[in-house]
Amino acid sequence: MDKLLYGDFEEQYTDYETAEIAILPVPYDGTSTWLKGADKGPRAILEASPNMEFYDIETDSEVYKHGIATLEPVTADSSPQAMAQEVEQRVEAILKDKKFPVLLGGEHSVSIGAFKAIAKYYDTFSILQLDAHSDMRDEYEGSPYNHACVMARGKEITPSVVQVGIRSSAIEEKHNIDPDRIFYAHEIKESDDSTWMYEVSQKLHDNVYVTIDLDVFDPAYMPSTGTPEPDGLTYRTVLTLLKLINERHNIVGLDVVELCPNDINKAPDFLASKLIYQILSIRFKQ
């Protein structure tokens, strides 16, 4: 993938040495099992990003002035395990340089390396997973690094995993799922208030890594994923939850994965790009 930059910022705000935020594209799609194309997700997000307004209304801020550098992509033509190792090394380097890592997927298996890198820097941390699928298989199609296993690997790294928006799971995943740490989409939708968001917060450590599979959103908002599931969350619900998490916790990293772009409808690409920008605006609002 040719080098693209996130946003269309002045050069002084894209220099890695001074930037507080580092964007790492991971154009990997080696284990997806239905619709292919997640490897094109990072490019689609980057191509959409210059079309945003860089002033964020809700936070009354311009987060790009903290510096947002876009790094060279992770090598795409490797095994899922080798890819995870490269992601781990690249995220570890970002953390060493005291920058906030943002991964652009690619399929969800790209998150495994990030989990491992975060674990080297924080004695305790939680993973907040926003997703349609529980992704708790021990292995799938012969690989423990398959995208359907990402949260099983995450749970091995930290037992503090909280799952939100889930509405699809296989019976063989049930033994890995903690019923006290999963918030199913139907339960969220049937609740009368936002109490569940505070319950999510109560189950998290101070340090939180956020992993967002874009199929957490209803396909009406986000049809461009490899495995779309009906009855998903709204954009506003996700953003409101993350505002609360940011108020009560230290968000230490972020990935947004599983965009499977199509040439006809560019709105999902823009949604993914703006979601990242709004989360960064929330995270860096002083």
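Residues numbered from 1 in each chain as written. Predicted model: local features only at pLDDT ≥ 70, side-chain atom pairs only at ≥ 80, totals over all residues. Heavy atoms only, no water.

Going by the annotation in an unreviewed UniProt entry, the name recorded for the protein chain is Agmatinase, with Odoribacter splanchnicus given as the source organism. Recorded in UniProt under Sequence similarities (unreviewed entry), the annotation for the protein chain is "Belongs to the arginase family. Agmatinase subfamily." (UniProt positions renumbered as here; feature names shortened; annotations may be inferred.)

Student: Just checking my understanding: could you explain the UniProt feature "binding site: Mn(2+)" (unreviewed entry) in the protein chain for this structure?
Tutor: The sites that UniProt annotates as "binding site: Mn(2+)" (unreviewed entry) are His108, Asp131, His133, Asp135, Asp213 and Asp215. The largest pairwise C-alpha distance within this set of annotated residues, which runs over 108 residues, is 12.3 Å, so the set is compact in three dimensions. Among the annotated residues just listed, those that line the largest pocket are His108, His133, Asp135, Asp213 and Asp215. Its relative accessible area of 13% is what places His133 among the buried residues. Discounting chain neighbours no more than four positions away, the residues touching His133 are Ile166, Ser168, Asp215, Thr227 and Glu229. Mapped onto the elements, Asp135 comes out in the loop between strand 4 (126-130) and helix 4 (150-157). Since its relative accessible area comes to 7%, Asp135 is described here as buried. (1 Å grid on protein atoms, 1.4 Å probe; cavity = no way out; pocket = protein on both sides within 12 Å on 5 of 7 lines; lining within 4 Å. Buried < 20%, exposed > 50% of the residue type's maximum accessible area, 1.4 Å probe, protein only. Contact = heavy atoms within 4.5 Å. Helix = DSSP H or I, 4+ residues; strand = E, 2+ residues; numbered from the N terminus.)

Student: Even after reading the chapter, I still don't get the layout of surface pockets, so can you show me in this structure?
Tutor: It is a probe the size of a water molecule, rolled over the atoms, that shows where empty space is left. In this structure, the largest pocket spans a volume of roughly 280 Å³. Lining the largest pocket are 19 residues, with His133, Asp135, Arg137, His147 and Ala148 sitting closest to its centre. Partitioned by chemical class, the residues of the lining of the largest pocket number 4 nonpolar, 8 polar and 7 charged. Considering only enclosed or pocket space, the second largest pocket measures out at about 160 Å³ in volume. (Points joined across faces, edges and corners; volume = space filled by probe spheres on them. Nonpolar A, V, L, I, M, F, W, Y, C, P; charged D, E, K, R; others polar.)

Student: I'm lost on the pattern of salt bridges in this one. Help?
Tutor: Pairs can form between side chains of opposite charge whenever their charged atoms are close. The final tally for this structure, using the stated rule, is 11 salt bridges. The closest approach of N and O atoms between Lys120 and Glu88, which form a salt bridge, is 2.8 Å. With Lys120 in helix 3 (residues 111-121) and Glu88 in helix 2 (residues 80-96), this pair connects stretches of sequence that are 32 residues apart. What makes Lys120 partly exposed here is its relative accessible area of 47%. Classification of Glu88 by relative accessible area gives buried; the value is 15%. (Salt bridge = Lys/Arg side-chain N within 4 Å of Asp/Glu carboxyl O.)

Student: Whenever I open this one, the packing of helix 2 against helix 3 confuses me. Can you help?
Tutor: A pair of packed helices is captured by two measures, namely the crossing angle of their axes and the spacing between those axes. At their nearest, the axes of helix 2 and helix 3 sit 7 Å apart, and the two run at 40 degrees to each other. One element, helix 2, and the other, helix 3, form an angle in the oblique class. Seen along the crossing, helix 2 lies across helix 3 with a hand that is right-handed. Facing Ala84, Val87, Glu88, Val91, Glu92, Leu95 and Lys96 of helix 2, the residues of helix 3 in contact are Ile112, Gly113, Ala114, Lys116, Ala117, Ile118, Lys120 and Tyr121. Here the contact of helix 2 with helix 3 is built from residues that sort into 9 nonpolar, 1 polar and 5 charged. (Axes fitted to C-alpha atoms, helices over the stretch in contact; angles between N-to-C directions. Parallel < 35°, antiparallel > 145°, perpendicular 65-115°, else oblique. Left-handed = near helix turned anticlockwise from the far one by under 90°.)

Student: What's the story with the side chain of Ser126 in this structure? I'm lost.
Tutor: By the secondary structure assignment, Ser126 is in strand 4. There is a polar contact of 2.5 Å between the side chain of Ser126 and the side chain of Ser160. For Ser126, the side chain forms a polar contact with the main-chain nitrogen of His205, separated by 2.7 Å. Once residues lying within four places of it in the same chain are set aside, the contact partners of Ser126 are Ser160, Lys203, Leu204, His205, Asn207, Val208 and Tyr209. (Polar contact = N/O pair within 3.5 Å; in protein donor to acceptor, adjacent residues only side chain to side chain.)

Student: Sorry, what's going on with the sheet that holds strand 5 (residues 161-166) here?
Tutor: Sheets are built from strands that pair by backbone hydrogen bonding, the pairs being arranged parallel or antiparallel. Strand order in the open sheet made by the 8 strands is 2-1-3-8-7-4-5-6, with parallel pairing throughout. Edge strands, defined here as strands with exactly one partner in the open sheet, are strand 2 (68-70) and strand 6 (182-184). In this sheet, neighbouring strand axes are inclined to one another by 15 degrees on average, regardless of whether the strands run parallel or antiparallel. Pairing geometry for strand 4 and strand 5, over 4 bridges, is parallel. Across the sheet, the residue bridging to Leu130 is Val164, located in strand 5. Packed onto the sheet, helix 1 (residues 41-48) meets strand 1 (21-26), strand 2 and strand 3 (100-105) and runs at close to 115 degrees relative to strand 3. (Pairing = 2+ DSSP bridges.)

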